[in-house]
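Geometric and topological summary
Spelled out, the chains give:
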Amino acid sequence: MSDVFAELAWRGLIHQTTDDAHLPGWLGERPRTVYAGFDPTADSLHVGHLMALTILRRFQQAGHRPIALVGGATGMIGDPSGKSEERQLLSEDALRANVEGMQSQMRRFLDFDDPTRGAVLVNNYDWVGRFGYLEFLRDVGKHFPVNVMLAKDSVRNRLERTDSGLSYTEFSYMLLQAYDFVHLYREYDCQLQVGGSDQWGNITAGIDLARRLDGVQLHGMTCPLLTKADGTKMGKTESGALWLAAERVGPYQFYQYWINLEDADVDKCLRFFTDLDRPRIEAVVAEHLEDPSRRTGQRCLAAELTRLVHGESGLRIAQRATEIFFGAEISELTDAELVGIFTDVPSRELPRTELAGEGLAIVDALCASGLAKSKGDARRTIDQGGAYVNNRRADSIDRCLGPADLASETMMVLRAGKKRYALLRFVEP
RNA sequence: GGGGGGUUUCCCGAGCGGUCAAAGGGGUCAGACUGUAAAUCUGAUGGCAGUGCCUUCGCAGGUUCGAAUCCUGCACCCCCCA
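Because the structure is a prediction, the values reported are computed rather than measured.

This paragraph deals with the pattern of salt bridges. Overall, the coordinates contain 23 salt bridges when judged by the stated rule. The shortest N-O distance in the salt bridge between Arg 58 and Asp 275 comes to 3.8 Å. A residue pair is termed long-range when its members are at least 10 positions apart, and Arg 58 in helix α3 (residues 47-61) and Asp 275 in the loop between α13 (263-273) and α14 (278-290) qualify at 217 residues. The exposure class assigned to Asp 275 is partly exposed, which follows from its relative accessible area of 34%. The closest approach of N and O atoms between Arg 271 and Asp 267, which form a salt bridge, is 3.4 Å. On the criterion of helical spacing, the pair formed by Arg 271 and Asp 267 is a turn pair, its members being four residues apart in helix α13. Taken together, the shared-partner salt bridges in this structure form one network comprising Arg 57, Arg 58 and Asp 275.

To continue, consider the packing of α14 against helix α15 (residues 296-325). For the pair α14 and α15, interaxial distance at closest approach is 7 Å and the crossing angle is 140°. Taken together, the axes of α14 and α15 are oblique relative to one another. Between α14 and α15, the residues in contact are Val 284, Glu 287 and His 288 and Thr 296, Gly 297, Gln 298 and Cys 300, respectively. Across the contact of α14 with α15, the residue classes break down as two nonpolar, four polar and one charged.

Further remarks concern the domain arrangement of chain A. You can read the domains of chain A as domain 1 (4-223), domain 2 (236-325) and domain 3 (335-427). With 19 residues of domain 1 at the contact, the number on the domain 2 side is 21 residues. Summing the contributions of domain 1 and of domain 2, the shared interface buries around 1,900 Å²; its carbon and sulfur component is 62%. A salt bridge links Asp 275 to Arg 57, with the shortest nitrogen-to-oxygen separation between them at 2.4 Å. Between the two partners, domain 1 and domain 2, sit twelve residue pairs in polar contact (both at pLDDT 80 or more). If one sorts the elements of the side of domain 1 that touches domain 2 by residue count, α3 sits on top with seven residues.

Around RNA strand B, the structure places 25 residues, and the nearest of them are Asn 260, Thr 322, Arg 379, Arg 380 and Lys 418. The sugar-phosphate backbone supplies 60% of the atoms of RNA strand B found within 4 Å of the protein. With respect to RNA strand B, the side chain of Gln 298 contributes an N or O atom lying 3.4 Å from a base nitrogen. In this structure, a phosphate oxygen belonging to RNA strand B sits 3.1 Å away from a main-chain N or O atom of Gly 376. When residues of the surface near RNA strand B are traced back to their parent elements, those giving at least two are α12 (251-259), α15 and α18 (375-383). Ranked by residue count, the leading element in the surface near RNA strand B is α18, at four residues. Residue composition of the surface near RNA strand B, grouped by class: four nonpolar, eleven polar and ten charged.

What follows covers unusual backbone geometry. With phi around 55°, Asp 189 is a residue other than glycine that occupies positive phi space. Tracing the backbone shows Asp 189 in the loop between α10 (173-188) and β5 (190-196). Classification of Asp 189 as partly exposed rests on a relative accessible area of 34%.

Glancing now at the packing of α12 against α15. Packing of α12 against α15 brings their axes to within 7 Å, and their N-to-C directions diverge by 100°. By the angle class used here, α12 and α15 are roughly perpendicular. Of the residues that constitute the contact of α12 with α15, the class distribution is 15 nonpolar, seven polar and one charged.

It is worth spelling out a nonpolar patch on the surface at this point. Taken together, Tyr 133, Leu 134, Leu 137 and Tyr 168 make up a surface patch of nonpolar side chains, about 490 Å² in accessible area. Summarising the element assignment, Tyr 133 is placed in helix α6 (residues 133-139). Judged by its relative accessible area of 56%, Tyr 133 falls in the exposed class.

Next up on the list: the nonpolar core. Of all hydrophobic cores here, the largest spans 65 residues; its most connected members are Phe 38, Phe 59, Val 194, Trp 258 and Phe 273. Sorting elements by how many residues they give to this core places α15 first, with nine residues. Counting residues domain by domain, this core receives three or more from each of domain 1 (4-223) and domain 2 (236-325). Those residues in contact with Phe 38 that lie beyond four places of it in its chain are Leu 45, His 49, Ala 52, Leu 53, Leu 56, Ala 68, Leu 69, Val 70, Gly 71, Met 102 and Met 106.

In this model, α15 (30 residues) spans only 18 Å end to end at C-alpha, well below the 44 Å of a helix rising 1.5 Å per residue. Where α15 bends most, the angle comes to about 125°, and this point is His 310. By the criterion of burial, α15 is predominantly enclosed, with 21 of the 30 residues buried.

What counts as what
- Residues numbered from 1 in each chain as written.
- Chains lettered and ligands numbered in written order.
- Predicted model: local features only at pLDDT ≥ 70, side-chain atom pairs only at ≥ 80, totals over all residues.
- Heavy atoms only, no water.
- Salt bridge = Lys/Arg side-chain N within 4 Å of Asp/Glu carboxyl O.
- Helix = DSSP H or I, 4+ residues; strand = E, 2+ residues; numbered from the N terminus.
- Buried < 20%, exposed > 50% of the residue type's maximum accessible area, 1.4 Å probe, protein only.
- Axes fitted to C-alpha atoms, helices over the stretch in contact; angles between N-to-C directions.
- Parallel < 35°, antiparallel > 145°, perpendicular 65-115°, else oblique.
- Contact = heavy atoms within 4.5 Å.
- Nonpolar A, V, L, I, M, F, W, Y, C, P; charged D, E, K, R; others polar.
- Domains from an automatic or database assignment.
- Buried area = accessible area lost by both parts, 1.4 Å probe.
- Polar contact = N/O pair within 3.5 Å; in protein donor to acceptor, adjacent residues only side chain to side chain.
- Near = heavy atom within 4 Å.
- Patch = residues over 30% accessible without salt bridge, like charges linked within 9 Å, V, L, I, M, F, W, Y side chains within 5 Å.
- Areas by Shrake-Rupley, 256 points an atom, 1.4 Å probe, with all protein chains shown as cover.
- Core = buried A, V, L, I, M, F, W, Y, C linked by side-chain atoms within 4.5 Å.
- Expected span 1.5 Å × (residues − 1).
- Bend = angle between axes of the 7 residues up to and from the residue.

What follows is the structure in structure tokens.
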């Protein structure tokens, strides 16, 4: 058993614990069971879940047993922590689909098959859903002093806002999560809960409840919230969250997100997310600082994460696409080389006849590819010198594209600006 | 229930009868500089056509040669008094 506490600490993943002094020893004694909760708001995980997931992963690697709790029940209510408004309630069907989607992705991070420390996936709907209202009030609610609940940051912040209230339902959220902890303690001897720093109140609520109900002392640990150096949220793209599902964010796009990360965040992300050990990360960071323009850190980070999320084949596609797009002028490629990329960057198929005669006006090509949202937008881009065909700048609005502009047998590479790419494929009707 | 204020283009926010597709800021996009970074600077930012047309200022009507701007009704939001 390796010292997971020290490992997490140097990685900067420990924000607060219930017992800094004794937790390291407690974890070193024997394998423990640790859980983190995931809110099933969508059918895919995103980068926001990555912290908790990789923390569970590190616990497992250190010899402990992780439990991933999917909030099928609590997801119906919505955690008010860190939220400014009440969440839209999800239907049971939607929740079920979301839970299934998330479960399948977790397999990439956690080993569910190991006989001794195999991860366990639980859905709190399985026990919360069976609770009767009166029964819950009597067995659980009774142990929650309202004045303590009101003192929690998550509740106070919401009550202090004049423009949004806090419904009774949301107010009750922490009871459910608290009970989850007790349940997992009873069923799996789970004595440690981890979560983001905004979960502190919910975690301690569970610890209090366990003490009152079962007379045991459970533990909690939070990690810092994932933000970028400029204060904005990590993992936000133009089109929304950076999803882990390949159908939502392809390997190339995922890879590119990390390549584009600013220097100030690279070190932190390497430590947070990658499996690389300390000497390795320190070496990469040192190399990066020596010559930041080579983006050593970003490259390493992007490769590690893309491999983790999309596998070796996904990484190859992403790197190949990057080589092609960010290399020199594009020509003499084959369809075979482009086909893997085709599904990953915005792409469109057009009839080959478009290229005949006068050819396809570049303005129309940009619109068709999705790089421009209107003809005016396309004109603007060209006017300002931001339009490229096969990485060669197209400086005239009147430019028309013909068969000679194909990069491979049937495909053409369009680009708007420095790094927005799209492929057009011309097919026989 | 009574009184007052509001609803503007992606967001915030000016505009209060024509010169308004609508100031300013944010965001976004493009360019320069770089390193597919950050910061900075420049330009663009309803649609279609190129000195014109169409659609937009909560919704529906109305007054005007002409309205985002005035009137009427409706909807939603906020504030004060009960």
